[in-house]
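Structural features, examined
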Amino acid sequence: MPNIDINIKRNDPNARVPLEPFLDELIKSPSDKFIIPLGRDKDNKLHSIDLKECHHILSAGMALSGVGMFNRVALLSLIKQKDPKDLRIILIDPIRKFQNFYDIPHLLYPPIYYKDRQDTVLNTLKWSIAEMERRYEILAENNVHDMYSYNEKCNQTVLPNIIIFISELGEIIPNEEIEMVLVKILQMAKLIGIHLIISTQWITNKVITNLIKNNISSKLIFQVPSQNEADLLEAPGAEKLIGQGDMIFYGSSDQVLKLQGFHISDEKIEELLKIYK
């Protein structure tokens, strides 16, 4: 894994990278990409990723490290880029990080936010497996390689992207069956537009298992309590991060970036979501 200078500090520990200008540009310049803003590097360059290319994302870090903010930034950016006909969302939200978004029209199912509803979580993920298999059958019948080629062939969005947000993996992963279903989605959903964005503050090998970790190539690692958690995440130096959005991004092809994550206030989120109320 390439080394990165963890000790490059911001001049202002409370520095924030405002999302609004970046979001405005995203909305003004629509594309077929599913852009997720990440943050700014030490040279003030802004970075983002396309979910169509990275497929799935894992974010991990301790409380107040920036994990929750990344989730809200990612979700807001995606729904402001795409109409519900192109993008459907599933919110598995046992720690209620997405309450601002419970009324958006992009939702495929009502949000799942009760910690004890593992049966509902499991059934929802099993539905995703069935949908994945249905889509593969459609691709085979039409002799196309992926969902995007099929939609292009049909000249319309017949199969929208489905993004499953999980706000806290640790609340659902003790169920071994849930882990197996998640892994199957991680391994097989890349060609048919189903994506997982998984987050956790529970940094243990019982939550971030090898099967899950090894099947996600894009990881955002925020501040962690100690070197033990950094070693588990294979993110040396993550215990030395400042917090408040300070992160290491690991992408495909050994890409490693030290970034300060984007920030947006709850008040601004509410303002931007008024059109859906």
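Look a little higher up for the structure.
Residues numbered from 1 in each chain as written. Predicted model: local features only at pLDDT ≥ 70, side-chain atom pairs only at ≥ 80, totals over all residues. Heavy atoms only, no water.

Description of the overall build of the protein chain
Going by this rule: Only DSSP runs of H or I covering at least 4 residues are called helices, and only runs of E covering at least 2 are called strands; the numbering of each starts at the N terminus. We compute the radius of gyration from the C-alpha atoms alone; for a globule the expected value is 2.2 Å times N to the 0.38, where N is the number of residues. Whether two residues are in contact is decided by their heavy atoms: any pair within 4.5 Å suffices.
Summing up its helical and strand segments, the protein chain has nine helices and 10 strands in all. The C-alpha radius of gyration of the protein chain comes to 18 Å, within 12% of the 19 Å expected for a compact globule of 277 residues. With respect to the three principal axes, the spread of C-alpha positions in the protein chain is 55 × 45 × 35 Å. For the protein chain, the proportion of contacts with a sequence separation of at least 24, taken over those separated by at least 6, is 68%.

So, the nonpolar core
Generally speaking, soluble globular proteins have nonpolar side chains that are buried together. The condition that has to hold: By nonpolar core is meant a set of buried Ala, Val, Leu, Ile, Met, Phe, Trp, Tyr and Cys residues that side-chain atoms within 4.5 Å join together. Whether a residue is buried, partly exposed or exposed follows from its accessible area with a 1.4 Å probe, protein chains only, as a fraction of its type maximum: under 20%, in between, or over 50%, in that order.
Counting 49 residues, the largest nonpolar core has Leu125, Ile164 and Ile185 as the members making the most contacts within it. When residues of this core are assigned to their parent elements, the largest contribution, seven residues, is made by helix H4 (residues 118–141). Those residues within four positions of isoleucine 164 in sequence are excluded, and the remaining contacts are Ile90, Ile92, Leu125, Ser128, Ile185, Ile194, His195, Leu196 and Ile197. The next biggest cluster of nonpolar side chains, apart from the first, holds 44 residues, and it includes Cys54, Ile79, Ile197 and Ile264.

Observations concerning the packing of H4 against helix H6 (residues 176–188)
Keep this limit in mind: Lines fitted to C-alpha atoms define the axes, with helix axes restricted to the stretch in contact, and inter-axis angles between N-to-C directions lie between 0 and 180 degrees. Roughly parallel here means an angle under 35 degrees, roughly antiparallel means over 145, roughly perpendicular means 65 to 115, and every remaining angle is called oblique. If you view the pair so one helix is near and one far, a crossing is left-handed when the near helix is turned anticlockwise from the far one by less than a right angle, and right-handed when it is turned clockwise.
Where H4 meets H6, the closest approach of the two axes is 10 Å, and the angle between their N-to-C directions is 30 degrees. In terms of orientation, H4 and H6 fall into the roughly parallel class. Note on packing geometry: the crossing formed by H4 with H6 is left-handed. Where H4 abuts H6, its residues Gln118, Val121, Leu122, Leu125, Lys126, Ser128, Ile129, Met132, Glu133 and Tyr136 lie against Glu177, Ile178, Val181, Leu182, Lys184, Ile185 and Met188.

Comments concerning the side chain of glutamate 179
Here is the rule: His residues and chain termini do not enter the charge count, which takes Lys and Arg as positive and Asp and Glu as negative. When a carboxyl oxygen of Asp or Glu is within 4 Å of a side-chain nitrogen of Lys or Arg, the pair counts as a salt bridge.
Inspection of the secondary structure assignment puts glutamate 179 in helix H6. Although buried, glutamate 179 forms no salt bridge, and the nearest oppositely charged side chain, lysine 213, lies 11 Å from it.

Notes on unusual backbone geometry
For arginine 96, which is not glycine, the phi torsion reads 55 degrees and is therefore positive. Mapping arginine 96 onto the fold places it in the loop between strand E5 (87–92) and H4. A residue is classified by how much of its surface remains accessible, and arginine 96, at 34% relative accessible area, is partly exposed. Positive phi is not limited to glycine here, since glutamate 234 has a value of about 55 degrees.

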